[in-house]
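Per-entry structural report
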Amino acid sequence: MSFFSEEIETMDRGELDALVDERIRYTVQWASQHSPFYRKWFRTNKIDPSTIRGHEDLRDLPVISGKTVRERQPPDTEEFEFKSVDWPNVFTVHETSGTSGNPKSFFLTWEDWNRYAEKYARAFASQNFTSGDRVVVCASYGMNVGANTMTLAAQKIGMTIIPMGRCTFPVNVITKYRPTGIVGSVFKLLRLARRMEAEGLDPKTSSIKRLVAGGESFADESRAFLEEVWGVPAYNTYGSTEGTMSGECYEKIGLHVPEDLVHLDLYNPTLDNFASQGDCGRIVLTTLLPPGGKTGILLLNYDTEDTTVVTSRDRCPCGRTHLRITLPQREAETVWVAGTPFNRVDMEKGVFQRENMDYLTGEYEAFLYGDAENTTLQVSMECLDTRTCERELVTNNFLKSFLRHQPLLYEARQDGHFDIRFNFTEPGGLEFYRITGRPKRLVDRR
Ligand SMILES: [Zn+2]
């Protein structure tokens, strides 16, 4: 069992809460002096930053979003109003491509890089990675921070990184360098396994000892299948340019949030108060600076548009005390039918029912057609071989999983207002293969 920063990762709850409140006070004070946006906000609203004493008081400050950041940067404004250090202190610039045109700009100092890397280093250590491990990183090394800061984290642990950038690397990278881990998304890691098998290489007997799955949320069923295909544990991670890096430890009972480095509140859907204890809520994050610290971009109450549930604030069997959350899901991926919300992960659960996976690759896409009254959900699944695919079995397993605990959807289907149709394709036959970029697996065309 190893820790990257044992003292802070195992700190008693009371001490940890006090440390968080101290950092909130320092960070808010620092924001009011160095961030053009917050300097103006405190002045205009005549609020004394020293009245923010702890995390409960953060409710007195505005909840901001990606839109707020985008509207406070060129070309909308003359300066980057969230940039909180001068240029000589900015080490790197990053952009996050939103769905809307103008990407958000982020500015990281070297200090920020080290804090981001620390979060990944803690996650890697909690997944039993250690000095001597060799890890292939399949995440993009572009304007995104993830792959780059993971690479810096590896340096701190003494691991070797093989920075492939994408999961389509030649299979002989595995036989040549004998990596012990791969970071990638579930679907890409499944595809890589299929490519290895096609070249006569069994993923289960390869050098890989563990996988780190990240990039998007997925169902427990798809993780279980990934672990089966590779014969190794796969750990969840969640990260964003805004700074919410959390990782699952080897116990796999929730992702540990590095509470001393980023403060995470869960808000209700209207974003006017914290969600009730145990409820699913919107992740609203606040950068935390240690006293004396500085940052390139400072966000207080930033709405990530992701949702999660706090699984526990008690000490984890791994020894860590930092709170645990379920793998966050994107609010934008939620659709409503018959007064019931569901999302891509619910689709994935249905597809990845274990019995189905004897016939499917796991690749799928779903579309919603119709109107508010009558909706059709069309689910297309890719078969290993359409001639031998047991369509009825797959369909029944999907429906059983998808409609379980969804009485309103079940009823709407019985009444004929909600039709679910299935389509089975040959490998490579799904629509998203013809479109570049990340596949959209649940598309609302109503
Ligand atoms: Zn743990």
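Above this text you will find the structure in question.
All figures in this text were calculated on a predicted structure; none of them were measured in a lab.

Reading the values: rules and limits
- Residues numbered from 1 in each chain as written.
- Predicted model: local features only at pLDDT ≥ 70, side-chain atom pairs only at ≥ 80, totals over all residues.
- Heavy atoms only, no water.
- Helix = DSSP H or I, 4+ residues; strand = E, 2+ residues; numbered from the N terminus.
- Rg over C-alpha atoms; globule rule 2.2 N^0.38 Å.
- Buried < 20%, exposed > 50% of the residue type's maximum accessible area, 1.4 Å probe, protein only.
- Areas by Shrake-Rupley, 256 points an atom, 1.4 Å probe, with all protein chains shown as cover.
- Salt bridge = Lys/Arg side-chain N within 4 Å of Asp/Glu carboxyl O.
- Pairing = 2+ DSSP bridges.
- Axes fitted to C-alpha atoms, helices over the stretch in contact; angles between N-to-C directions.
- Contact = heavy atoms within 4.5 Å.
- Donors = N, O, S within 2.8 Å, 3.2 Å for Na, K, Ca; no water.
- Expected span 1.5 Å × (residues − 1).
- Parallel < 35°, antiparallel > 145°, perpendicular 65-115°, else oblique.
- Nonpolar A, V, L, I, M, F, W, Y, C, P; charged D, E, K, R; others polar.
- 1 Å grid on protein atoms, 1.4 Å probe; cavity = no way out; pocket = protein on both sides within 12 Å on 5 of 7 lines; lining within 4 Å.
- Points joined across faces, edges and corners; volume = space filled by probe spheres on them.
- Core = buried A, V, L, I, M, F, W, Y, C linked by side-chain atoms within 4.5 Å.

1. Observations regarding the overall build of the chain
Summing up its helical and strand segments, the chain has 12 helices and 21 strands in all. For a compact globule of 446 residues, the expected C-alpha radius of gyration is about 22 Å, and the chain comes in at 23 Å, within 12% of that figure. Along the three orthogonal principal directions, the C-alpha set of the chain runs to about 70 × 55 × 45 Å. Within the chain, the proportion of its 446 residues that are buried is 55%. About 19,900 Å² of surface is accessible on the chain, with carbon and sulfur atoms providing 48% of the total.

2. Considering the pattern of salt bridges
Side chains bearing opposite charge may pair, as long as their charged atoms lie close to each other. In the structure shown here, the tally under the stated rule is 32 salt bridges. In this structure, arginine 441 and glutamate 363 form a salt bridge, with 3.0 Å as the shortest nitrogen-oxygen distance. You can see arginine 441 sitting in the loop between strand E20 (418–425) and strand E21 (442–444) and its partner glutamate 363 sitting in strand E18 (residues 360–370), a full 78 residues away along the chain. Judged by its relative accessible area of 2%, glutamate 363 falls in the buried class. If you follow the salt bridges from partner to partner, you end up with Arg23, Glu118, Arg122 and Asp260 in one network.

3. Looking at the sheet that holds strand E19 (residues 375–383)
Backbone-to-backbone hydrogen bonds pair the strands of a sheet. The strands run either parallel or antiparallel. A sheet is described by the order of its strands in space; here 4 strands give the open sequence E20-E19-E18-E21, paired in mixed fashion. Of all strands in the sheet, those bounded by a partner on one side alone are E20 and E21. The sheet shows a mean angle of 15° between the axes of neighbouring strands, taken without regard to direction. As defined by bridge partners, E18 adjoins E21 across 3 bridges and the pair is classed as parallel. Its bridge partner lying in E21, leucine 368 is registered against aspartate 444. Across the sheet, helix H10 (residues 344–351) is in contact with E18, E19 and E21; its angle to E18 comes to roughly 130°.

4. Side note on the coordination of the zinc ion
Ligation of the zinc ion by protein atoms is provided by Cys249 (SG), His256 (NE2), Cys316 (SG) and Cys318 (SG), these donors lying 2.2 to 2.3 Å from the ion. Mapped onto the sequence, the residues coordinating the zinc ion show the spacing C-x6-H-x59-C-x1-C. Separated by 60 residues along the polypeptide, histidine 256 in strand E9 (residues 255–256) and cysteine 316 in the loop between strand E13 (310–312) and strand E14 (324–325) bring together distant segments of the chain.

5. A few points about helix H5 (residues 110–126)
Under the 1.5 Å per step criterion, the end-to-end length of H5 is 24 Å for 17 residues, consistent within 8% with the ideal 24 Å. Along H5, 14 of the 17 residues are buried, which leaves the element largely enclosed by surrounding structure.

6. Details of the sheet that holds strand E11 (residues 281–287)
Reading across from one edge, E10-E11-E12-E15 is the order of the 4 strands in this open sheet, with antiparallel pairing throughout. At either margin of the open sheet sits one strand with a lone partner, and together these are strand E10 (262–267) and strand E15 (329–330). The pairing of E11 with strand E12 (residues 302–308) spans 4 bridges and is classified as antiparallel. If you follow arginine 282 over to E12, its bridge partner there is threonine 307.

7. A word on the packing of helix H2 (residues 13–34) against helix H3 (residues 36–44)
H3 packs onto H2 with a crossing angle of 95° between their chain directions and a minimal axis gap of 5 Å. When the axis of H2 is compared with that of H3, the two are roughly perpendicular. Where H2 abuts H3, its residues Val28, Ala31, Ser32, Gln33 and His34 lie against Pro36, Tyr38, Arg39 and Phe42. Partitioned by chemical class, the residues of the contact of H2 with H3 number 5 nonpolar, 3 polar and 1 charged.

8. Overview of the side chain of serine 32
Mapped onto the elements, serine 32 comes out in helix H2. The contacts of serine 32, once residues within four sequence positions are left out, are Tyr38, Arg39, Phe42 and Pro49.

9. Section: the layout of surface pockets
The calculated volume of the second largest pocket comes to roughly 690 Å³. Taken together, 30 residues make up the lining of the second largest pocket; nearest its centre are Thr326, Leu327, Gln329, Asn343 and Val345. Those elements giving two or more residues to the lining of the second largest pocket turn out to be helix H9 (220–230), E12, E15, strand E16 (334–337), strand E17 (340–343) and H10. Among the residues making up the lining of the second largest pocket, the classes are represented as 12 nonpolar, 10 polar and 8 charged.

10. A word on the nonpolar core
Ile182, Trp230, Leu377 and Phe402 are the most contacted members of the largest nonpolar core, which has 91 residues in total. When residues in this core are grouped by element, the largest group, 7 residues, is from helix H8 (residues 186–198). When residues no more than four places from it in sequence are discounted, the contact partners of phenylalanine 402 are Phe342, Asp346, Met347, Leu377, Leu409, Phe418 and Ile420. Formed by 22 residues, the second largest nonpolar core is a distinct cluster that contains Trp113, Ala117, Phe129 and Val183.

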